[in-house]
Every structure is written in structure tokens, then in C-alpha cells.
Amino acid sequence: MADTDKTLSVAIIGAGFAGIGAAIRLRQEGITDFAIFERGDRIGGTWRDNTYPGAACDIPSRLYSYSFAPNPNWSHTYSGSDEILAYIDRMATDSGIAPHIRFGHNVTGLIYDEAAGQWTVEFEGREPVRARTVIAAPGPLSNASLPDIPGIETYEGHKIHSARWDHDYDFTGKKVAVIGTGASAVQIVPELVKTAKSVKVFQRTPGWVLPRLNRPTSGLLKQLYRTVPFAQEASRAAWFWGHESVALGVVWDTPFTRLVEQLSKANLRLQVKDPWLRRQLTPDFSAGCKRLLMTSDYYPALQADNCKLVTWPIARLAPKGIRTVEGIEHQFDAIVFATGFEVSKAGAPIPITGIGGRSLGDEWSGGAYAYRSVAVSGYPNLYFTFGPNSGPGHSSALVYMEAQINYIVEAVEKLLRLDWKALDVRPEVQARYNADIQRRLQATTWNSGCQSWYLTDDGFNATMFPGFATQYVNQLKHVDLDDYKITGYRDPSAMAPGAESAGDLVSVQ
Ligand SMILES: Cc1cc2nc3c(=O)[nH]c(=O)nc-3n(C[C@H](O)[C@H](O)[C@H](O)COP(=O)(O)OP(=O)(O)OC[C@H]3O[C@@H](n4cnc5c(N)ncnc54)[C@H](O)[C@@H]3O)c2cc1C
């Protein structure tokens, strides 16, 4: 039967790590009536899109993977994008969820039908679909953005965004510019200097850099992980707690923050001999305020004979290259934009209409907020992965996403099993939660005064979670039904036997 002909139990938006993980966990709970709607033509999200040379995770793979899908075969401490993509492919195939994926389905809107307790999922150029619950997993960094530089359209050379790499373009012997010095740029530059004639790196702000000690995993160790699963769990736990300790210096501004800065400065002194270059590469904000850069290759690459760091601000792009504010025009065959993504901090990622026609885009116009990052009052049976204030500053996104997925699957399973119409988080519970989050954020490095993509233009932090990963995971351990208004289809007396405590308080429609 086509998805359009019936009401799905669950519609999942996006087939990245989060969408795939949610589907696997649904299936494990016996829920099979779901579809994943993906606008692209293959799964993988971030790791499908970011295939630039050097693309890799900067969290160890043992932790940058799901605990319910351990992989004893990671080749290195940190994996490259190919290997991560292969891991996602394997999860989808082995779990049997692959047939549930509908490619080429760009979701353009969600509308809640309060009477029926169903969502209408709208697509670009396709018939809509109805679903009782929706898991929105469109990814925090899935829309590549070019910077707003005057004259960008006038540049006549080759323009490449890091997340839309042009593998047909041969950089050999070319004069190349890289704009941006964030997490992607520090991976790209060391690869480009190997082939390009020259590379100029345009820096606005230097980041704090720590070495990334990447080691191949020996055959013996892989064998151990394959035969003794506990060894793999222990290794993951060790990485987890190691990263938790880093929170002390990265999430909050503490004496540990100075320690991180001293370590980073020592690394800079060790790798960069020229004092002037060192000065240009020294940040003037607290470590942790922006994402720490994990690389051992970037500083050596910057000092290669064919590489130059440019710190003059860019004035505009011209037909042949980049003009900096002091009046010099740098000419290039190609410009690489390592300039990041449109991050949804204010407004909704797609138009979403909830109870009584309320618009999530309007409600989030000053900055997004949710209950425990997953649910929003007035939008029943709709759940977000990587929602507001779920960003980790110091640990693996997958640890956070796994917690979200488990929580969401528990809520969805309850709703379907007990045949409830709607689970809607109570507004006062959500307000209390967010007041607490914003209060706690005031003490973090992200709100300490530096500018970053974590904050809206008004300085509202809708992205990061102000605490340890352990705290984040613990708050999502169980769905507390007292936090929700539960609406049934029928009279409460007719509710399924054993309806759980707060479920007895159903309101009758
Ligand atoms: C280069 C790079 C390196 C990173 N490295 C790390 C790291 O080392 N450690 C870490 O913790 N995190 C890292 N991240 C963050 C990373 O984004 C997350 O770890 C994770 O991959 C996000 O998974 P996701 O499923 O939420 O989103 P995505 O992987 O972005 O997947 C979202 C999917 O939804 C689809 N989609 C979006 N909108 C729609 C729509 N309207 N309709 C239909 N489909 C839609 C997209 O096409 C995409 O396939 C990195 C990010 C980048 C860009």
C-alpha cells in the first residue's frame, strides 16, 4: 500500500544518523509501520554531504557511534567520512529498515489535525502523507551556507562549498583560497597544500587547537573487540568519561579552561616557530566559547612553502579573486568556502502548524526552545532530534542523539500501545525547564561574550546544553507522563486496561 493511502504510525524526516537511529530503535520495539522521508538520494546526512578531502570526525569513533550498534572494526581512533558513511549504510541494511526509506521526499510543511490527532506531512511536488506521530530529524548542519560577502556572484573562478565538494575539479597546480578556519577548514587545508600550487587561508578569528592523536587500530585489538564485547564497552566508557572531564574546562569558564588554553598554547609553540604567525593564530576568547579544533596537521600545513595565512578582513569578491580591506586583490583559480551552515536557532526548520493554527516559526522567531530539547507544547506527537539546547560542547553528538531517540521511542510506543490520540507537553512544565536552561547557560563559556554560531544575533542561546552529557542523558531516561497532557480517542472509562498513571487523566474530545 502506498504511504499516501493510509495513516502511518510514525513519519521520520531525514535519513542521517538521527533518522536512521530512530528507525532502528522503533523496529526493535516492534513498531514497523513507519517511513523515513529523505530529500536526498542516499542516506547518511552529514556524512553523505561532507566528502571534502580530509573529512573525518573529531570525536573518537568508539564514542561517535551508537551503543546499540557497536562496531569493532573502526580502522582508526577517529574515522574518515567514508568509513562513517559505510557504518551508517551497514546499520540500515542489517537492521532491516532500508525498505522504509523514501528518497527524493523534501518535507515542506507539517500541519496538525487536532480532531484526528494526526499530522499531515507535506512534500515538494508530491502528495501529502498522514501520520500519528512525527520525528523531525532534519539535522542541525544540513543546509550549507555561503557567506554574505559583497560581489560573491561576480567571481568567475571555481566556487566550492566544503559540504558540496566537487570531486571532478582537479586542484593540481591551481591557486586556491580557503575562506574560513573552523572545523572543516582545518581538515581541508592540509590536504589541499599537497596538490595545489598555492593555498591562501583567509582567517577572521583563530580557534583554540588541540592535537588529534589518530592511531590505527591493530588487528589484535579489533579481534578483542569482536570476541569480548565488554572490551569495546569499556573502551567507549573510558572515552565517555574522558570527554566528561573536558566539560569542566569547556562548558564552564573555570581554572580548567585556563588549563585547556595553556595546553593549546603549548601545542602552538611546539608546532609554529614564527612568533608573528603564532600571534595571528592565538585566540582572544575563552577556550570552549567556540568549538575546539582537533587537528595535528593544520599548523604544519599553514607553514608549508605554498601556504599563506591572510588575516586582513575580506572587503569583497572580484571577478578574479578576493579583495581585502587594505586594497590588495588576491587572484585565484578556485575558492573553497569552509564557511559552515545555516543553523536554525530562530524560526522553525520547516513550516510547522500546531494546535489551533499556531505557527512554530512565529513562536521560535526570537529563538527556539523545547521541553528537554525534544517536544514543544502545542505541537502534540511531534518530536525533534538535535532540537533546541541539545548541542554538546565537549562530547559526541551521538551520545545525545541516542538519549533523544530512546525517549522519543518510549513516548511513541506508549501512545500507539495505549491508543492515545495526543501527548502534548504541558506549557508550564516547558516554561520551567527553559527558565532553568537559560539561567544555567549564563554561567557557560558560550554565553561569556564571544560571537559564535551557537547564539542568535540577540545573544539568545538556543543551541547548547549547559551541563555534562550525563545530565543530558539522565533527563531523557524516561518519559514522565505527568509532564504531558494526554488526550484519548475515547471515554476515559474505555481506555486500555493498565493505562499508565497520568494516562488516567485523559481529557475526552
Ligand atoms: C563536517 C562535519 C563534521 C562533524 N563531526 C562531528 C564529530 O566529530 N562529532 C560530533 O559529535 N558531531 C559532528 N558533527 C555534527 C553532525 O552533524 C552530527 O554528529 C550528526 O551527523 C547529525 O546527524 P543528523 O541525523 O541529526 O543530521 P544530518 O546528518 O544532517 O541528517 C539530516 C538528514 O535530513 C535530511 N533533511 C533535512 N531537511 C529535510 C527535509 N525538509 N525533508 C527531508 N529530508 C530532510 C538531510 O538531507 C539529511 O540527510 C559534524 C558535522 C559536520 C558538518
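These figures come from a predicted structure and were not determined experimentally.

Enquirer: I'd like a description of the packing of helix H1 (residues 17-28) against helix H3 (residues 81-95), backed by residues and values.
Expert: Relative orientation of the contacting elements H1 and H3 amounts to 25 degrees, with a least axis distance of 10 Å. Between H1 and H3, the angle falls in the class roughly parallel. When you trace H1 past H3, the crossing you get is left-handed. Between H1 and H3, the contacting residues are Phe17, Ile20, Ile24 and Arg27 on the first element and Ile84, Tyr87, Ile88, Met91, Ala92 and Ser95 on the second. Grouping the amino acids of the contact of H1 with H3 by side-chain chemistry returns eight nonpolar, one polar and one charged.

Enquirer: Hey, could you go over the packing of aromatic side chains for me, with residue numbers and the actual values?
Expert: Under the criterion given, the structure shown has 20 aromatic pairs. Judged by centre distance (4.6 Å) and plane angle (15 degrees), the ring pair of Tyr66 and Phe68 falls under stacked. Aromatic rings pair up to connect Phe17, Trp47, Tyr64, Tyr66, Phe68, Trp74 and Tyr87 into one cluster. Here the basic side chain of Lys290 rests over the ring of Phe285, its NZ or CZ set 5.3 Å away from the ring centre.

Enquirer: Which residues make up helix H11 (residues 397-417), and what are the values?
Expert: In this model, H11 (21 residues) spans 30 Å end to end at C-alpha, consistent with the 30 Å of a helix rising 1.5 Å per residue. Counting buried residues along H11, 19 of its 21 residues qualify, which places the element largely inside the surrounding structure. At the N-terminal boundary of H11, the capping side chain belongs to Ser396, with an oxygen 3.0 Å from the backbone nitrogen of Leu398. Asp419 lies just past H11 and shows a positive phi near 55 degrees.

Enquirer: Describe the site of the ligand, naming the residues involved and giving the relevant values.
Expert: Around the ligand lies a shell of 36 residues, among which Glu38, Thr46, Asp58, Tyr64 and Ala397 are the nearest. Contact distances for the ligand include 3.1 Å between an oxygen atom and a backbone N or O atom of Phe17. In the environment of the ligand, an oxygen atom lies 2.7 Å from a nitrogen or oxygen atom belonging to the backbone of Ala397. Sorting elements by how many residues they give to the shell around the ligand places helix H2 (residues 46-49) first, with three residues. Among the residues forming the shell around the ligand, the class breakdown is 20 nonpolar, 11 polar and five charged.

Enquirer: Hey, could you go over the packing of H1 against H11 for me, with residue numbers and the actual values?
Expert: Where H1 contacts H11, the two axes come as close as 9 Å, and the packing angle between them is 40 degrees. On the basis of the axis angle, H1 is oblique to H11. Between H1 and H11 lies a crossing whose hand is right-handed. Mapping the contact onto sequence places Phe17, Ala18, Gly21, Ala22, Arg25 and Leu26 in H1 and Leu398, Met401, Ile405, Asn406, Val409 and Val412 in H11. Considering only residue class, the contact of H1 with H11 consists of nine nonpolar, two polar and one charged.

Enquirer: So, the pattern of salt bridges: which residues are in play, and what are the values?
Expert: Within this structure, the stated rule accounts for 20 salt bridges. A salt bridge links Arg25 to Glu29, with the shortest nitrogen-to-oxygen separation between them at 3.3 Å. Of the residues examined, Arg25 reaches a relative accessible area of 13% and is grouped as buried. Note on Glu29: relative accessible area 40%, which makes it partly exposed. One salt bridge connects Asp89 with Arg42, and the closest N-O pair in it is separated by 2.7 Å.

Enquirer: Kindly report on the side chain of Asp49, identifying the contributing residues and their values.
Expert: Tracing the backbone shows Asp49 in helix H2. Residue classification places Asp49 among the buried positions, given a relative accessible area of 15%. Apart from residues no more than four positions distant in its own chain, Asp49 is found in contact with Ser142, Ser162, Ala163 and Arg164.

Enquirer: I'd like a description of the nonpolar core, backed by residues and values.
Expert: One finds Phe17 and Ile20 to be the most contacted residues of the largest nonpolar core, which totals 82 residues. Two domains each put at least three residues into this core: domain 1 (4-142 + 343-478) and domain 2 (152-208 + 252-337). Listed in part, the 32 residues of the second largest apolar core include Ala55, Leu293, Tyr299 and Leu302.

Enquirer: Which residues make up the domain arrangement of the protein chain, and what values do they have?
Expert: Looking at the assigned domains, one finds that the protein chain contains domain 1 (4-142 + 343-478) and domain 2 (152-208 + 252-337). A C-alpha centroid distance of 31 Å is found between domain 1 and domain 2. Counting residues at the interface gives 25 residues for domain 1, matched by 20 residues for domain 2. Taken together, both faces of the contact between domain 1 and domain 2 bury some 1900 Å²; the carbon and sulfur share is 52%. Remark: the boundary between domain 1 and domain 2 carries six residue pairs in polar contact (both at pLDDT 80 or more). Of the residues assigned to the side of domain 1 that touches domain 2, the class counts are 13 nonpolar, 10 polar and two charged.

Enquirer: Tell me about the environment of Val272, and please be specific about residues and values.
Expert: As for its position among the elements, Val272 is in the loop between helix H7 (255-271) and helix H8 (275-280). In this structure, the C-alpha to C-alpha distance between Val272 and Tyr299, residues 27 residues apart in sequence, is 6.6 Å. Among all residues touching Val272, those that are not within four sequence positions of it are Leu277, Arg278, Leu281, Tyr299 and Gln303.

Enquirer: An account of the sheet that holds strand S14 (residues 321-324) is requested, with residue identities and associated values reported.
Expert: Strand order across the open sheet formed by three strands is S13-S14-S15, with antiparallel pairing between neighbours. Pairing within the sheet leaves two strands with one partner each, and these edge strands are strand S13 (314-318) and strand S15 (329-331). Taking each pair of neighbouring strands and ignoring which way they run, the sheet shows an average axis angle of 25 degrees. Note: S14 against S15, three bridges, orientation antiparallel. Looking across to S15, one finds that Arg323 is bridged to Glu329.

Analysis parameters
- Residues numbered from 1 in each chain as written.
- Predicted model: local features only at pLDDT ≥ 70, side-chain atom pairs only at ≥ 80, totals over all residues.
- Heavy atoms only, no water.
- Axes fitted to C-alpha atoms, helices over the stretch in contact; angles between N-to-C directions.
- Helix = DSSP H or I, 4+ residues; strand = E, 2+ residues; numbered from the N terminus.
- Parallel < 35°, antiparallel > 145°, perpendicular 65-115°, else oblique.
- Left-handed = near helix turned anticlockwise from the far one by under 90°.
- Contact = heavy atoms within 4.5 Å.
- Nonpolar A, V, L, I, M, F, W, Y, C, P; charged D, E, K, R; others polar.
- Phe/Tyr/Trp six-rings, centres within 6.5 Å; stacked < 30°, edge-to-face > 60°.
- Lys NZ or Arg CZ within 6 Å of the ring centre and 35° of its normal.
- Expected span 1.5 Å × (residues − 1).
- Buried < 20%, exposed > 50% of the residue type's maximum accessible area, 1.4 Å probe, protein only.
- Polar contact = N/O pair within 3.5 Å; in protein donor to acceptor, adjacent residues only side chain to side chain.
- Near = heavy atom within 4 Å.
- Salt bridge = Lys/Arg side-chain N within 4 Å of Asp/Glu carboxyl O.
- Core = buried A, V, L, I, M, F, W, Y, C linked by side-chain atoms within 4.5 Å.
- Domains from an automatic or database assignment.
- Buried area = accessible area lost by both parts, 1.4 Å probe.
- Pairing = 2+ DSSP bridges.

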